[in-house]
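# Architecture at a glance
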Amino acid sequence: MRAELSGATVFTALLLSGLTVGSSFELPAPSNVTITCDSYGVMVAWISSGLRENASFTLQLKSSNPSPNIFVSTSSHQYNISELLQDTGYNHYCVEVKARDGEYESPPADSQKFSFNYLQNADIQCNLMFPPVDLIPGERKLFFRFSNPLQLYRHTPALRNLTASENLRYFVFGNKFECASESKTCEGNVSFREKQEEYCVKLSGLIRQTILEETKDLCYRGSLGPWVPITIYLIPLFIFLACCALSLAFFLAKKINKKIKEKYLSKFPENLKILPGPSIDPQTTFFIVKDDHVENPQVIPTEIPDYSSGSSTPPSPESSPSCHYSCRKYFLGNDLEGGELKEKLTDPYGNGAEMSNGGLSSGYSCPH
């Protein structure tokens, strides 16, 4: 009887032990642990079933860098681990997920290795998206401009612990360009020797060992001929108009000056006018002759003294060359024959024939 009881006790103990051991494997491990990474962060997600509502999950972040592993707990089926990633430029990572339901814990499920460093041996390569690019046509050149990724992605895990000396290197048709971290935008251009219907470019880049994905074909349809601003046409036009205005002003000034000269030269005596002909000797000296001509002279009558009374002796005409004609008339007397005056003595002025023959100089020895 005791043997039967002891046998039943052993069977019951083995049965309970079997149930206890079996219950620890009834909680299934999470499945399909996936990593999604982009320019702004990293998300891990998984699938798990057969759990109660209060079940939770424990995540362990493993790094290729020998550092303490990081543990986090969540009740969701996904978790953003961006804040947990440090020194992403030189490491690769892996996430281990376990399910916990009450006192039971599932086996771990690991994700694939991922890294932002293309030199790391990782299953998932996390890259940055190239920013949108603007195309600007030029003279046989296509200019491009885009936001600097160093500014755009500065606070993302991909560029964590980035130093100031690490710049953006990007490539277009094998041509290498660089953009400094302090620049807000990056600009460059490529040349096209031949005319095409459309001009296309592709851009790709690199920051440290993190790749900026190559863009799709970015094309510009149109002409890349020389673009000439309107000022190129306006400036010569303004210069031409200014020259025309100056030429016209010079012509008018010369014409007006000629008319003024003709007007004033017409008032000069004939012997002072410059006749057309050979040029005047530069050593010729000209004198300005003042015109003493009086248009309305004032005539002052002169009284003739009476010498007939014998009170005074008349002066001799010969001794007084300045004697007035009336004085000589007194001495010579009048002889009216045919209404003409005949002088008894030779007139110092000369006769009319002499005066008409150019003897005026002898007649001006006495004033009138």
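Residues numbered from 1 in each chain as written. Predicted model: local features only at pLDDT ≥ 70, side-chain atom pairs only at ≥ 80, totals over all residues. Heavy atoms only, no water.

### Focus: the sheet that holds strand β1 (residues 31-37)
The line we're drawing: We call two strands paired when DSSP finds no fewer than two bridges between them. Comment: elements are numbered from the N terminus, with helices defined as DSSP H or I runs of at least four residues and strands as E runs of at least two. Interaxial angles span 0 to 180 degrees and are taken between N-to-C directions of axes, which are lines fitted to C-alpha atoms, for helices over the stretch in contact.
One open sheet accounts for three strands, arranged β1-β2-β5; its pairing is antiparallel. What marks the edges here is a single partner per strand, and that holds for β1 and β5 (78-80). Each strand of the sheet is rotated relative to its neighbour by a mean of 15 degrees, with strand direction disregarded. Sheet topology places strand β2 (residues 42-47) next to β5; three bridges connect them, and they run antiparallel. Looking across to β5, one finds that Val44 is bridged to Tyr79.

### Considerations on empty space enclosed by the protein
Using the following cut-off: Grid points spaced at 1 Å and placed over the protein atoms alone form the basis of the search, with a cavity being a set where a 1.4 Å probe fits but cannot get out and a pocket an open set showing protein on both sides within 12 Å along at least five of seven lines. Lining residues have an atom within 4 Å of a point. Grid points are joined across faces, edges and corners, and a volume is the space filled by probe spheres set on the points. When residue character is reported, Ala, Val, Leu, Ile, Met, Phe, Trp, Tyr, Cys and Pro are called nonpolar, Asp, Glu, Lys and Arg charged, and the others, Gly included, polar.
Considering all chains together, one arrives at two cavities of 30 Å³ or more under this definition. Lining the second largest cavity are Leu59, Gln60, Leu61, Ile70, Val72, Ile81, Leu84 and Val95. Ranked by residues supplied to the lining of the second largest cavity, first place goes to strand β3 (residues 56-63) with three residues. In terms of residue class, the lining of the second largest cavity is built from seven nonpolar, one polar and no charged.

### Brief notes about the nonpolar core
The condition that has to hold: The set of buried Ala, Val, Leu, Ile, Met, Phe, Trp, Tyr and Cys residues whose side-chain atoms join them within 4.5 Å is what this entry labels a nonpolar core. With a 1.4 Å probe rolled over the protein chains alone, any residue whose accessible area is under 20% of its type maximum counts as buried; one over 50% counts as exposed, and the rest are partly exposed.
One finds Val95, Phe114, Phe144, Phe146, Leu168, Tyr170 and Leu203 to be the most contacted residues of the largest nonpolar core, which totals 48 residues. A per-element tally of this core places strand β6 (residues 92-101) first, with four residues.

### Some points on the sheet that holds strand β14 (residues 175-179)
On the basis of which strands lie adjacent, the open sheet formed by four strands has the order β14-β13-β17-β18 and antiparallel pairing. Two strands close off the open sheet at either side, each with one partner strand: β14 and β18 (210-212). Pairwise comparison of adjacent strand axes, ignoring direction, gives a mean angle of 25 degrees for this sheet. In this structure, strand β13 (residues 168-172) lies alongside β14, joined through five bridges in antiparallel fashion. Paired with Leu168 across the strands is Cys179, a residue of β14.

### Considering the state of the cysteines
Covalent bonding between the sulfur atoms of two cysteines defines a disulfide. The criterion, for reference: We call a pair of cysteine sulfur atoms a disulfide when they lie within 2.5 Å.
According to the stated counting rule, one finds three disulfides in the structure shown. Note on cysteine connectivity: Cys179 is disulfide-linked to Cys186, with sulfurs 2.0 Å apart. Measuring handedness by torsion sign, the sulfur bridge of Cys179 and Cys186 sits at about -90 degrees and is left-handed. Look at Cys179 and you get buried, because its relative accessible area is 5%. Relative accessible area serves as the criterion here: at 1%, Cys186 is assigned to the buried category. Here Cys244 stays unpaired: no disulfide links it, and the sulfur of Cys243, its closest cysteine neighbor, is 7.0 Å away.

### Here we look at the environment of Ala55
Which entries qualify depends on this criterion: Throughout, a residue-residue contact means that at least one pair of heavy atoms, one from each residue, lies within 4.5 Å.
Residue placement: Ala55 occurs in the loop between β2 and β3. When near neighbours in sequence (up to four residues on either side) are disregarded, Ala55 contacts Ser75, Arg100 and Asp101.

### A few points about a nonpolar patch on the surface
For the record, the criterion: The patches reported here contain residues having more than 30% relative accessible area and no salt bridge. Joining distances are 9 Å for like charges and 5 Å for nonpolar side chains (Val, Leu, Ile, Met, Phe, Trp, Tyr). Here the open area of atoms and residues is found with the Shrake-Rupley method and a 1.4 Å probe, where only the protein chains shown may cover a residue. Salt bridge, as used here: a side-chain nitrogen of Lys or Arg that lies within 4 Å of a carboxyl oxygen of Asp or Glu.
A contiguous nonpolar patch, built from Leu234, Leu237, Phe238, Phe240 and Leu241 and spanning about 490 Å² of accessible area, is present on the exposed surface. Topologically, Phe240 is positioned in helix α3 (residues 230-265). The class for Phe240 is exposed, based on a relative accessible area of 52%.

### Quick notes on the side chain of Asp101
The condition that has to hold: Throughout this description, a polar contact denotes any pair of N or O atoms lying within 3.5 Å of each other; where both atoms belong to protein, one of them has to be capable of donating a hydrogen while the other can accept it, and for residues adjacent in sequence the pair is counted only when both atoms sit in side chains.
Checked against the element boundaries, Asp101 lands in strand β6. Of the polar contacts made by the side chain of Asp101, one reaches the side chain of Arg52; its length is 2.8 Å. Apart from the residues within four sequence positions on either side, Asp101 is in contact with Leu27, Leu51, Arg52, Asn54 and Ala55.

### Looking at the pattern of salt bridges
Tallied over the entire structure, the rule returns six salt bridges. When the shortest N-O distance is used, the salt bridge between Arg221 and Glu198 registers 3.2 Å. Taken as a pair, Arg221 in strand β19 (residues 218-221) and Glu198 in strand β16 (residues 198-201) lie far apart in primary sequence, 23 residues in all. When its relative accessible area of 58% is taken as the criterion, Arg221 is described as exposed.

### Some words on the pairing of β13
The side-chain alternation of β13 yields one buried face, formed by Leu168, Tyr170 and Val172, and one unburied face, formed by Arg169 and Phe171. Pairing geometry for β13 and strand β17 (residues 204-207), over four bridges, is antiparallel. Each residue of the ladder has a partner; that of Arg169, found in β17, is Leu206.

### Here we look at the confidence of the model for the chain
Selection rule: As a per-residue quantity, pLDDT reports the predictor's confidence and falls between 0 and 100.
Per-residue confidence for the chain averages 75 on the pLDDT scale, and 63% of its residues sit at or above 70. Long-range and interchain partners of residues 322-349, a stretch whose pLDDT sits below 50, account for 38 contacts in this model, where long-range means more than four residues apart. Predicted confidence is poor over residues 352-368, with pLDDT under 50, and the contacts of this stretch with residues over four places away or in other chains come to 16 contacts.

### Here we look at unusual backbone geometry
One non-glycine residue, Arg140, lies in the positive phi region at around 60 degrees. In this structure, Arg140 sits in the loop between β11 (133-137) and β12 (141-147). Backbone geometry at Asn161 places phi at a positive 65 degrees, although glycine is not the residue there. Position of Asn161 among the secondary structure elements: in the loop between α2 (149-152) and β13.

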